[in-house]
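Listed here are the chains, written in short residue letters.
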Amino acid sequence: MSEQSTELREAVRRRYAAAAMKVSDGGTACCGPEPVETDENFGSTRYAAADRDTLPAEALAASLGCGNPTAVAELRTGERVLDLGSGGGIDVLLSARRVGPTGKAYGLDMTDEMLQLALANAEKAGATNVEFLKGTIEAVPLPAATIDVVISNCVINLSTDKPTVFAEAFRVLRPGGRIGVSDVVADDTLTPAQRAERGDYVGCIAGALSFAEYRAGLAAAGFADIEITPTHPVADGMHSAIVRATKPKTADASPEEVASAQACCGVNACCTPAESSVDATLTVTEAKTTAGCGCAS
């Protein structure tokens with residue numbers, strides 16, 4: 001990673017750490033947590049009132065996204081979801097509710113303060129089918145082909161290595177899996193310098209790809225059925241957009257994916273943090289025992 005990229009990542013980390021600390025400190029006041037400062041284009045106002053009413057106040061206060069990826073991704077019961085840049089956990093908690101007890105929602109964040117806040121919010125929400133992981137979206141700490149849906153909320157634009165982010169999302173998705181993200185996207189006519197004029201990198205504007213660049217990046221990673229739909233403007237020539245794409249069912253499986261998927265009969269992603277029983281009526285241990293699996297522990 002270049003020195004400039006390292007500095008930008010650290011600037012992003014500091015901003016989100018400060019946001020988490022502001023919410024956590026506000027949570028001890030008489031009137032509840034103080035929301036992180038955003039304008040009308042960002043934050044918890046992008047969610048339906050019915051969703052907001054089900055979440056801890058601290059999760060709402062820490063929201064910095066530009067959309068609602070849990071609605072964009074059309075989550076289904078039993079699916080495994082990964083939120084890239086999960087922050088205070090708002091999208092992980094909403095995802096956990098949508099996929100139900102047979103599914104699971106992972107949140108990935110590089111900021112200790114946000115992870116601590118997210119864990120506290122999950123406890124307050126009583127969410128048991130969630131797991132928060134520390135790491136970067138350029139190096140996802142999950143095995144290949146173990147996730148059904150990748151979501152993200154105004155975070156991919158913050159990365160200085162977006163091709164690697166797209167490649168990692170493709171890697172962790174199962175064949176037939178999909179991404180459904182909200183992100184800031186620029187008009188194709190805007191140069192990188194013009195995007196920078198509209199807002200700093202940490203503020204989600206300067207690092208945005210254009211529509212054509214975003215589409216090309218996803219295609220280069222192997223994604224198909226790419227759709228990028230603007231929803232509302234966030235600056236002149238800059239838009240919050242819904243991004244959808246799928247990993248083809250016929251995508252060639254890597255040796256890692258084959259080992260992950262076929263290690264045990266009756267268990268998906270056996271012996272990994274994402275393992276689950278193929279038969280929903282059996283626990284993972286029961287499925288392994290029934291199949292005579294060598295790693296039944």
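What counts, and where the lines are drawn
- Residues numbered from 1 in each chain as written.
- Predicted model: local features only at pLDDT ≥ 70, side-chain atom pairs only at ≥ 80, totals over all residues.
- Heavy atoms only, no water.
- Helix = DSSP H or I, 4+ residues; strand = E, 2+ residues; numbered from the N terminus.
- Buried < 20%, exposed > 50% of the residue type's maximum accessible area, 1.4 Å probe, protein only.
- Salt bridge = Lys/Arg side-chain N within 4 Å of Asp/Glu carboxyl O.
- Core = buried A, V, L, I, M, F, W, Y, C linked by side-chain atoms within 4.5 Å.
- Contact = heavy atoms within 4.5 Å.
- Pairing = 2+ DSSP bridges.
- Right-handed = clockwise from strand over helix to strand, strands pointing away.
- Phe/Tyr/Trp six-rings, centres within 6.5 Å; stacked < 30°, edge-to-face > 60°.

(A) Structural view of unusual backbone geometry. One non-glycine residue with positive phi stands out, namely Ala145, at about 55°. Relative to the helices and strands, Ala145 is located in the loop between strand S3 (130-134) and strand S4 (147-153). Phi angles above zero are rare outside glycine, and Cys154 is one such case at about 60°. Mapping Cys154 onto the fold places it in the loop between S4 and helix H7 (162-172). The class for Cys154 is buried, based on a relative accessible area of 1%.

(B) Representation of the pattern of salt bridges in the model. Taken as a whole and assessed by the stated rule, the structure comprises seven salt bridges. Arg178 is the salt-bridge partner of Glu79, the closest N and O atoms lying 2.9 Å from each other. Here Glu79, found in the loop between helix H4 (69-72) and strand S1 (80-84), pairs with Arg178, found in strand S5 (residues 173-186); they are 99 residues apart in sequence, far enough to count as distant. For Glu79, a relative accessible area of 9% corresponds to the buried category. Ionic pairing is found between Glu168 and Arg171, a salt bridge with its closest N-O pair at 2.8 Å. Taken together, the residues span about one helical turn, with Glu168 and Arg171 both in helix H7 at a distance of three residues. What you see here is one network of salt bridges that share partners, running through Arg76, Glu79 and Arg178.

(C) Summary view of the environment of Ile90. Take Ile90: it is sitting in helix H5 (residues 90-99). Of the residues examined, Ile90 reaches a relative accessible area of 6% and is grouped as buried. Separated by 28 residues in the primary sequence, Ile90 and Ala118 have C-alpha atoms spaced 8.0 Å apart.

(D) The nonpolar core, seen in detail. Ranked by internal contacts, the top residues of the largest apolar core, which has 32 residues, are Leu82, Val150, Tyr214, Leu218 and Phe223. Taken together, the elements giving at least two residues each to this core come down to S1, strand S2 (104-109), S4, H7, S5, helix H9 (211-221), strand S7 (224-235) and strand S8 (238-246). When residues in this core are grouped by element, the largest group, five residues, is from H7. Residue contacts for Val150: discarding those within four places in its chain leaves Leu82, Leu84, Ala169, Val172, Leu173, Arg178, Ile179, Gly180 and Val181. Membership of the second largest hydrophobic core comes to nine residues, among which are Leu93, Ala96, Ala105 and Ala122.

(E) Spatial organisation of the pairing of S8. The buried count for S8 comes to seven of nine residues, which makes it a mostly enclosed element. Across nine bridges, the pairing between S5 and S8 is antiparallel. What sits directly across from Ser182, in S8, is Ile242. Strand direction decides the pairing type here: S7 and S8, joined by eight bridges, are antiparallel. If you follow Ala224 over to S8, its bridge partner there is Thr246. The turn joining S7 and S8, which pair antiparallel and follow one another in sequence, is formed by two residues; a positive phi near 80° is taken by Gly237.

(F) Region of interest: the pairing of S2. Among the six residues of S2, six are classified as buried, and the element is accordingly described as predominantly covered. Pairing between S1 and S2: five bridges, direction parallel. Across the sheet, the residue bridging to Leu82 is Tyr106, located in S2. Of the crossover connections in this fold, the one passing from S1 over H5 to the parallel S2 is right-handed. Pairing of S2 with S3 involves five bridges; the strand directions are parallel. Note that in S3 the partner of Gly107 across the bridge is Phe132. Crossover S2 to S3 through helix H6 (residues 112-125) is right-handed.

(G) Up close: the packing of aromatic side chains. Taken as a whole and judged by the stated rule, the model has two aromatic pairs. When the ring of Phe166 is compared with that of Tyr214, the centres are 5.3 Å apart and the planes differ by 45°; the resulting orientation is tilted. Residue Phe166 is located in helix H7, and its partner Tyr214 is located in helix H9; the two are separated by 48 residues in the primary sequence. For Tyr214, a relative accessible area of 2% puts it in the buried group. Seen from their ring centres, Phe170 and Phe223 are 5.2 Å apart, and the 90° between their planes marks the pair as edge-to-face. Linking Phe170 in helix H7 with Phe223 in the loop between H9 and S7, this pair joins segments that are 53 residues apart in sequence. On the basis of relative accessible area, Phe170 is assigned to the buried category, the value being 16%.

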